[in-house]
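# What the coordinates show
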Amino acid sequence: MKSVHTFCRICEPLCPMIADVDGDKLVALRPNREHPVYQGFCCNKGLAMDEVHRDPDRLNVPLKRINAKGELPARFEPVSWDEAIDDIARRLNTIRAGDAGGDGIAFYRGNPLSFNSVGVRALAAFAGKLGSRMCFGPTTQDCSNKMAASEAMFGHQMLHPIPDLEHTDYFLNFGSNPKVSKLSLFHTPHPHERIREVVRRGGTVVHVNPRHVESATPATGDHLPIRPDTDVYLLAAMLNEIHRNAGFREDVLAAHAINAEGLAQFVQHYPASRVAEVTGVPASQIETMAREFSQARAASVYMSTGVNMGRQGTIAYWLLMMLSLVTGNLGRRGGNFVTEGFGPPAKLGIDSGADPWFDSGAGRLRHIAGCLPGTLLPDMIGAKAKPVKALIVVSGNPVLSIPGEERLRVALDTLDLLVAIDIYPSATTEHADYVLPGVDMLERRDINLVNNGFQPQPFAQYTAAVVPPAAERREEWRTIAAIEKAMGLPSLLDEAEPDPFDEVDTLIQAAGLSIGALREMPHNTCVMPVPEPADTFVRSLKTNARKIDCCPRTFEPALERTHAIFTELKAEDAGGLKLISRRTIHMHNSWLSNVKAAARPAAIRNPLWMHPDDAAARGLNEGVSVRVHNAFGSLVADLEFDGTLMRGVVAMTHGRGNDRTPGLRIASRSPGVNVNRLLPAGPGSFEDLSNQAFMTGVPVDVERA
Ligand SMILES: Nc1nc2c(c(=O)[nH]1)N[C@H]1C(S)=C(S)[C@@H](COP(=O)(O)OP(=O)(O)OC[C@H]3O[C@@H](n4cnc5c(=O)[nH]c(N)nc54)[C@H](O)[C@@H]3O)O[C@H]1N2
Ligand SMILES: Nc1nc2c(c(=O)[nH]1)N[C@H]1C(S)=C(S)[C@@H](COP(=O)(O)OP(=O)(O)OC[C@H]3O[C@@H](n4cnc5c(=O)[nH]c(N)nc54)[C@H](O)[C@@H]3O)O[C@H]1N2
Ligand code: SF4
Ligand SMILES: [Mo]
């Protein structure tokens, strides 16, 4: 029996764990209580990975479709790896030789691939070798607004100053539920506990959210209700207040910024009294918050998917960072700061300086975080000229995760070839020609590269594979390299002893690290120094002038839109309902729904949550079946009361709807319904600046089914 130091790769904290192994068998998975940074923090999902590893519904062999596309359920027969790879390569070469060239082949790199340090690089390299620009991923359904805003303000998409919770006196949290979701683009152990410590020290924490989330308790901060998709106006009003009273910090702006007048002019449109009605936040409260924030010794800010997914995520993130900057909190201890672990995070990015815009089959577009708008994938497949003919999906489930399920299902069935590399059958693999078994995190070695720049206490950790891949499961990089080789492209498999970690090893040398050295360290972990906030931030800036752009020119059309949306919101019917998402502790996006923990009664329900007073106003009792509909789609769900919701707001959990995924035997028994049917898709369904899809604050009507 041996114990392996490893770490979870389900969500962004990448919690350290210990795996007890007997020969090739995993005996137990447990928290690593002695880990120098995490001290045992991890969650139910991570610990459920041993069940995932053993799940009898896992994909174990390559599968080839034998019934017609469009016919559900899909029927597959096992084939050998060689047969699958050869046929896929042949068909990809045929498509590549056609009109669209490399752009005939599209890629979707799902969320788990971000936590696979060599897999993610392998897929990006494959797209590069093919010359395909048709790259998609969950980022445009998650946080691409932040990438676009950072590029415009700081000169790089991957610069995201994180809140310094350890030293802050005031923490303002927009659109995130850290207790349940454990944060994104900010990786800290036990975030809920860190927030509790701020309150314990006498600091102030405010959770701005349409729902009184689990993260807001007397010990972890106040809840400030806000109407969905209006955060931009609250932020503008806070900046307006600060500008009128204390003023912006001239010394800071002179040293580090340009175009501050543009910012001041913009926020002048939004005094607290004007935004109160639209946001639902009383003017006096906005004034108090602005005062407390600007007067705090050190104040910090954070926002996540709840704001990202609104119609103006880029503008909101800009104003959030400006709030930090003009109060002197950016690059300050206790404010927001950039950390370095493996090296400056911006160095790991891919900005080339070339004009990013090009004519795609669905209009003039650019990549953000390497991705085109996910909601346009069906439009690219259906394009009249040079359509996408093949799609390679690695660890993603776009059918359930992108807005517009039916539209995507129909488009996927018109493809010449759909290859999905996954560990489970999914709603997406049901449309595939080939389904190839990947490995789970316990079956592959890795390094926590994705954490770089987002950890308040930087550390690097390596993990060996805890157990060898079961059955015929194969590492994602190897499958990609095998397809490349069979297509006649340069491939890692051309080498006698291919090691996908060679490149990573070179990358981490910048921090004086190597995989070899990490393997020798206790916990396979190297704890790195916490950088000086001010120095790091200034050093990280990548704009030409090395200054922060406080009002980027590229925002001009979006700022006009901000004014137009404000007018629209003011004119809205006060009695209407707006839909938001609600993550639960049981699932990770669309997966983990097949493990027993997720089969508990509390977890299998997938209701529409509504405030009891809104239900009463519609004559709806708890438990009744309701039809939820809008211009984009319709679904039926059970009604559940939720007094934590603001009036006028309803919520559902995303990632459900496995009614047509028979291979997931537990999940398909209580499938729930895919809420993304109610979200806009196609042209006009995303923010132009960032490709980010509109997914929160979407109007819906509800009535008894
Ligand atoms: N258990 C669990 N953990 C997860 C995941 C999971 O599915 N399950 N997913 C992981 C992933 S991929 C990500 S990206 C992260 C996301 O992590 P978070 O961004 O923290 O995600 P959520 O918990 O969905 O929190 C979003 C919050 O925004 C609120 N909200 C909705 N609309 C608005 C709005 O217009 N304004 C404001 N201010 N708030 C709004 C919602 O009520 C919700 O509380 O979580 C990760 N962790
Ligand atoms: N309405 C609404 N929609 C949302 C969101 C929301 O809050 N509300 N959240 C959005 C966000 S933040 C995200 S990130 C996206 C997620 O969107 P996606 O990345 O498309 O979807 P996931 O559900 O994360 O799917 C992950 C897939 O990878 C597989 N998988 C898991 N581990 C591995 C592995 O190690 N190897 C391989 N090969 N496969 C693996 C799983 O079985 C699953 O099929 O969803 C978005 N969609
Ligand atoms: S918080 Fe995320 S990374 Fe940590 S154990 Fe849970 S699922 Fe894994
Ligand atoms: Mo995400």
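Right, let's walk through the structure included here.

## Points about the site of ligand 2
Near ligand 2 there are 30 residues, and of these Tyr108, Asn111, Asp422, Ser590 and Asn676 occur at the shortest range. Here Val439 contributes a backbone N or O atom positioned 3.1 Å from an oxygen atom of ligand 2. In terms of residue class, the shell around ligand 2 is built from 13 nonpolar, twelve polar and five charged. Shared between two domains, the shell around ligand 2 holds at least three residues of each, these being domain 1 (63-142 + 347-443 + 471-495) and domain 3 (573-704).

## Description of a negative patch on the surface
Side chains of Glu77, Asp82, Glu83 and Asp86 sit close together on the surface and give a patch of like negative charge. A total of three residues in the negative patch trace back to one element, the largest contributor, which is helix α3 (residues 81-96). Note on placement: Glu83 falls in helix α3. Classification of Glu83 by relative accessible area gives partly exposed; the value is 42%.

## Quick look at helix α17 (residues 405-412)
Those residues of α17 that fall on the buried side of the exposure criterion are Glu405, Leu408, Arg409, Ala411 and Leu412. Down the axis of α17, the buried set is contained in an arc of 165°. They therefore lie on one face. For α17, the secondary structure elements touched by its buried residues are α15 (377-381), β17 (390-394), α16 (398-401) and β18 (417-422).

## Some details on the packing of aromatic side chains
Taken as a whole and judged by the stated rule, the model has eleven aromatic pairs. Ring plane angle 75° and centroid distance 5.3 Å describe the contact between Phe107 and Phe126, whose orientation is recorded as edge-to-face. Taken together, the residues Phe107 in strand β6 (residues 105-109) and Phe126 in helix α4 (residues 119-130) connect sequence positions 19 residues apart. The class for Phe107 is buried, based on a relative accessible area of 2%.

## Let's talk about the sheet that holds strand β26 (residues 625-629)
What the six strands build is a closed barrel, ordered β24-β28-β25-β27-β26-β29; its pairing is mixed. On average, each strand axis in the sheet is tilted by 45° relative to the strand beside it, whichever way the strands run. As judged from the three bridges shared by strand β24 (residues 577-581) and strand β29 (residues 698-704), these two strands associate in the antiparallel manner. Note on β29: the bridge partner recorded for Leu577 is Val700.

Cut-offs applied
- Residues numbered from 1 in each chain as written.
- Chains lettered and ligands numbered in written order.
- Predicted model: local features only at pLDDT ≥ 70, side-chain atom pairs only at ≥ 80, totals over all residues.
- Heavy atoms only, no water.
- Near = heavy atom within 4 Å.
- Polar contact = N/O pair within 3.5 Å; in protein donor to acceptor, adjacent residues only side chain to side chain.
- Nonpolar A, V, L, I, M, F, W, Y, C, P; charged D, E, K, R; others polar.
- Domains from an automatic or database assignment.
- Patch = residues over 30% accessible without salt bridge, like charges linked within 9 Å, V, L, I, M, F, W, Y side chains within 5 Å.
- Areas by Shrake-Rupley, 256 points an atom, 1.4 Å probe, with all protein chains shown as cover.
- Salt bridge = Lys/Arg side-chain N within 4 Å of Asp/Glu carboxyl O.
- Lys, Arg positive; Asp, Glu negative; His and termini not counted.
- Charge placed at Lys NZ, Arg CZ, Asp CG, Glu CD.
- Helix = DSSP H or I, 4+ residues; strand = E, 2+ residues; numbered from the N terminus.
- Buried < 20%, exposed > 50% of the residue type's maximum accessible area, 1.4 Å probe, protein only.
- Arc of directions from axis to C-beta.
- Contact = heavy atoms within 4.5 Å.
- Phe/Tyr/Trp six-rings, centres within 6.5 Å; stacked < 30°, edge-to-face > 60°.
- Pairing = 2+ DSSP bridges.
- Axes fitted to C-alpha atoms, helices over the stretch in contact; angles between N-to-C directions.

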